[in-house]
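Residues per chain are reported as follows:
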Amino acid sequence: MSFELVSLPYAAALGLCSFLYFVVFPIAVYFRDANGLRRYPNMHPLSGISAIPFMILAHGGARSTYLAKLHQKHPVIRTGPNSLSYGDHRAIKDIYGHNTPCTKDGSYIITAGSHFHLADVIDKHDHARKRKTLSSAYAIKNLEGWEHKVADKTDKLVKHLDACCTSPLKPGEMAETKDLTVDYRKWTNFFTLDAIADIGLSEKLGFLDRGHDRVTGRRLDGTTYECDFRDCLYQNARKQSLLIWPYAWYPFINKVSNIIPFYGRMAKFAQDWEGIPIELAHRRLQRYRAGEKLDDFFQALMEDKNGHPNNLEWGEIVAEVSIMMNAGSATTAIAMTNVLYQLIKNPTMMKQVVDEIDAALEDEDEEEEETGTIAYDKVKHLPFLRACLDESLRLFPPTPHGLPRETPADGVNILGDYIPGGVSVAMSAFVAHRNEAVYPQADKYMPERWLGEEGKSLQPYFLAFSAGARGCIGRNISYLEQTVVLASVLRRYEFALPSPEWQIERLETMNWLLGEMPVKVWRRERKTAPGVGGEGRLTVT
Ligand code: HEM
């Protein structure tokens, strides 16, 4: 008997089983509707049966933009068999608020490494323990300690921009290609990586000095290799964001997908990423063991403020270093690029913020002139500058992705509707921020909406840093970095994009990855304008 004849019945049985499992079973579950989710409109006709439509949407790189359009009609949308997306700002409190009984959902478990870190730990007690250990390191009172590290990196950024300066652009002229000397996206990313490595680990990565992000990674067997930091970080995140959606199948799909070169390449970067935090933590541990007392996060991980050891496992320390290098750099770099992009595109806002910065500073400050770095103290209270940052974070939140939370076993009321236990619920910051009921003319860059009492009243609906107990622990560091860099570069330079119509590329992973932002840069001429805002005040010409 031939091989084909023997295997035919098996193949038929396998086909039948697959059909029953992948088609008949999900349809039966859909019609049984144990969680009562059929009452909500589907994102796609098949969303109630399968996560595949969401996966396909993810490959387009603009999930939240698509959802925002759907949410203009529907406050709640079913995005998968067991997941709901919310578009009504009143759901923020129910899903993310301090008293929410919801927890992070299973997606955080399947992407976690051998140990959880602060951002992917689910258990509330475990999270509280970690947050307590780290909150002393991230506390606002430490801002002073970080300022000189941020200033040092700003000096380096300015040094590079000084070297790239071109002649001033005449009004009405367009930048010539040869004058687009800086990729602002890349250099702000070098800035945030150098800054967080110094703040967190007292490590001098030197990306701003060298102009590239080549680093050493360490394998578990102790051997090392070289790789590019940003490629490893972003390609790892990208692969997860494309394939994770059928959670239960993700570990399998993640492996099998590697036979396709498109995913295989990302997998190689993902593997290389794993060794970067190991090497950084390893290097810092050696200094700790050598008795160096350094003022950084690593110290807070190892000991409490009375010098008692925290006794964390090595895997947990590496996990914390990993999230710090990831969350602590990627988002802030996106924010820095976005805000300059918005200001170049909105010259009236640019003039207003530049005037505010100039009015807050001395006419001539030798140190500032030499280094180009503006002290945080001098600009941290400028309302319009902060409004420009917040409006940019609103319009294009660096993490637009709807951060999924799982409803508790007893279920929970969201927007007044009972949702049973075990359902994934989420609200994308992008969706929240484009809600016309909260933010009129939501698609426009209008920093003034953040000023005064009206601005304060928007805070509960501002989701850029998420909200509640799982909200961002690093926002103060981020505002410090963003404020110092923006004030420093706007005080010293003018910028132009390739053309007025030019648009930056955005690719949604969990964060919103940006393409290059080539800019022309030149020194801003400031001259004395007697009688305007006081004798000797400097204005932009
Ligand atoms: C513009 C800059 C930033 C944005 C937009 C941002 C956004 C966010 C968001 C949306 C979350 C919630 C994540 C989730 O629920 O899964 C988060 C959490 C977190 N962020 Fe940030 N972040 C920024 C800067 C930073 C910085 C500079 C650091 C570190 C220095 C940092 C460290 C963290 C950590 C450790 C968490 C987890 C907190 C917890 O679960 O207790 N972030 N961030």
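On a predicted model such as this, the values are computed, not experimentally measured, just so you know.

Q: What is the right way to look at the coordination of the iron atom of the ligand in this model?
A: Put simply, the ideal angle at a metal is 109.5 degrees for four donors in tetrahedral geometry and 90 or 180 degrees for six donors in octahedral geometry. Within the protein, just one atom coordinates the iron atom of the ligand: Cys472 (SG), at a distance of 2.3 Å. Mapped onto the elements, cysteine 472 comes out in the loop between helix 21 (452-458) and helix 22 (475-492).

Q: Where do I start with the packing of aromatic side chains in this structure?
A: By convention here, two paired aromatic rings are described through the distance between centres and the angle between planes. Following the criterion strictly, the structure yields 24 aromatic pairs and no others. Geometrically, the ring pair formed by phenylalanine 262 and tyrosine 263 is edge-to-face, given 4.9 Å between the ring centres and 75° between the ring planes. The exposure class assigned to tyrosine 263 is buried, which follows from its relative accessible area of 11%. Three or more aromatic residues joined by ring pairs form one cluster here, namely Tyr21, Phe22, Phe25, Trp249 and Phe252.

Q: Even after reading the chapter, I still don't get the nonpolar core, so can you show me in this structure?
A: Across soluble globular proteins, nonpolar side chains show a tendency to be buried alongside one another. Ranked by internal contacts, the top residues of the largest apolar core, which has 125 residues, are Phe229, Phe297, Met325, Leu343, Leu490, Phe495 and Met517. Among the elements that line this core, the one with the most residues is helix 8 (residues 184-201), at ten residues. Not counting residues within four places of it along the chain, the set of residues in contact with phenylalanine 297 comprises Ala137, Tyr138, Trp146, Ile196, Ile199, Gly200, Met324 and Ile477.

Q: What's the story with the side chain of serine 428 in this structure? I'm lost.
A: Mapping serine 428 onto the fold places it in the loop between strand 10 (424-426) and helix 20 (429-433). Residue classification places serine 428 among the buried residues on the basis of a relative accessible area of 2%. Within polar-contact distance, the side chain of serine 428 engages the side chain of serine 64 at 3.5 Å. In terms of polar contacts, serine 428 uses its side chain to reach the backbone amide nitrogen of phenylalanine 430, at 3.0 Å.

Q: Please explain helix 16 (residues 347-360) as it appears in this structure.
A: Because an α-helix packs 3.6 residues into every turn, residues spaced three or four apart end up facing the same way. Taking 1.5 Å of rise per residue, the 14 residues of helix 16 would be expected to cover 20 Å, and the 20 Å separating its terminal C-alpha atoms lies within 8% of that figure. Of all the residues in helix 16, the buried ones are Met349, Met350, Val353, Val354, Glu356, Ile357 and Asp358.

Q: Teacher, can you tell me more about the environment of serine 478 here?
A: On the secondary structure map, serine 478 appears in helix 22. Spatially, the C-alpha atom of serine 478 lies 8.6 Å from that of threonine 331, the residues being 147 residues apart in sequence.

Q: Can you walk me through the UniProt feature "transmembrane region" (unreviewed entry) in the chain in this structure?
A: When the UniProt feature table is mapped onto this chain, "transmembrane region" (unreviewed entry) is found at residues 12-31 and 43-62. Secondary structure across residues 12-31 divides into 100% helix and 0% strand, with the first and last C-alpha atoms of the span separated by 27 Å. End-to-end, the C-alpha atoms of residues 43-62 are 14 Å apart, and along that stretch the chain is 40% helix and 0% strand.

Q: What should I look at first to understand the site of the ligand in this one?
A: Around the ligand, 28 residues are found, and the nearest of them are Tyr108, His127, Arg131, Arg405 and Cys472. A distance of 2.7 Å separates an oxygen atom of the ligand from a polar side-chain atom of tyrosine 108. At the level of secondary structure, the elements contributing two or more residues to the shell around the ligand comprise helix 6 (124-138), helix 15 (330-345) and helix 22. Here the shell around the ligand is composed, by residue class, of 15 nonpolar, nine polar and four charged.

Conventions and cut-offs
- Sequence order sets the numbering: in each chain, residues are counted from 1 along the sequence as written.
- For a predicted model such as this one, the threshold for reporting local features is a pLDDT of at least 70, and the threshold for listing and counting side-chain atom pairs is 80 or more; totals across whole chains, interfaces and linings nevertheless cover every residue.
- For the side-chain quantities, the full set of heavy atoms in the structure was used; hydrogens and water were omitted.
- Metal donors were taken as nitrogen, oxygen and sulfur atoms no farther than 2.8 Å from the ion, or 3.2 Å where the ion is Na, K or Ca. Water is excluded, so coordination may look unfinished.
- A run of DSSP states H or I qualifies as a helix once it reaches four residues; a run of E qualifies as a strand once it reaches two. Both are numbered from the N-terminal end.
- Any two of the Phe, Tyr and Trp rings considered here, Trp counted by its six-membered ring, make a pair once their centres fall within 6.5 Å; the pair's planes then place it as stacked at under 30 degrees, edge-to-face at over 60, or tilted in between.
- Note on classification: 1.4 Å probe, protein chains only; a residue is buried when its accessible area is under 20% of the maximum for its type, exposed when over 50%, partly exposed between these limits.
- Throughout, nonpolar core names a set of buried Ala, Val, Leu, Ile, Met, Phe, Trp, Tyr and Cys residues whose side chains join them through atoms within 4.5 Å.
- Contacts between residues were defined by any pair of non-hydrogen atoms, one from each residue, lying within 4.5 Å.
- Counting of polar contacts relies on pairs of N or O atoms within 3.5 Å, with two restrictions inside protein: one atom must be capable of donating a hydrogen and the other of accepting it, and residues adjacent in sequence are counted only when both atoms are side-chain atoms.
- Take the residue count of a helix, subtract one, and multiply by 1.5 Å to get its expected span.
- UniProt positions are given in the numbering used here, feature names are shortened, and annotations may be inferred rather than shown by experiment.
- Residues are labelled near a given molecule or strand when at least one of their non-hydrogen atoms is within 4 Å of it.
- Following the grouping adopted for this structure description, the nonpolar residues are Ala, Val, Leu, Ile, Met, Phe, Trp, Tyr, Cys and Pro, the charged ones are Asp, Glu, Lys and Arg, and the polar ones are all others, Gly among them.

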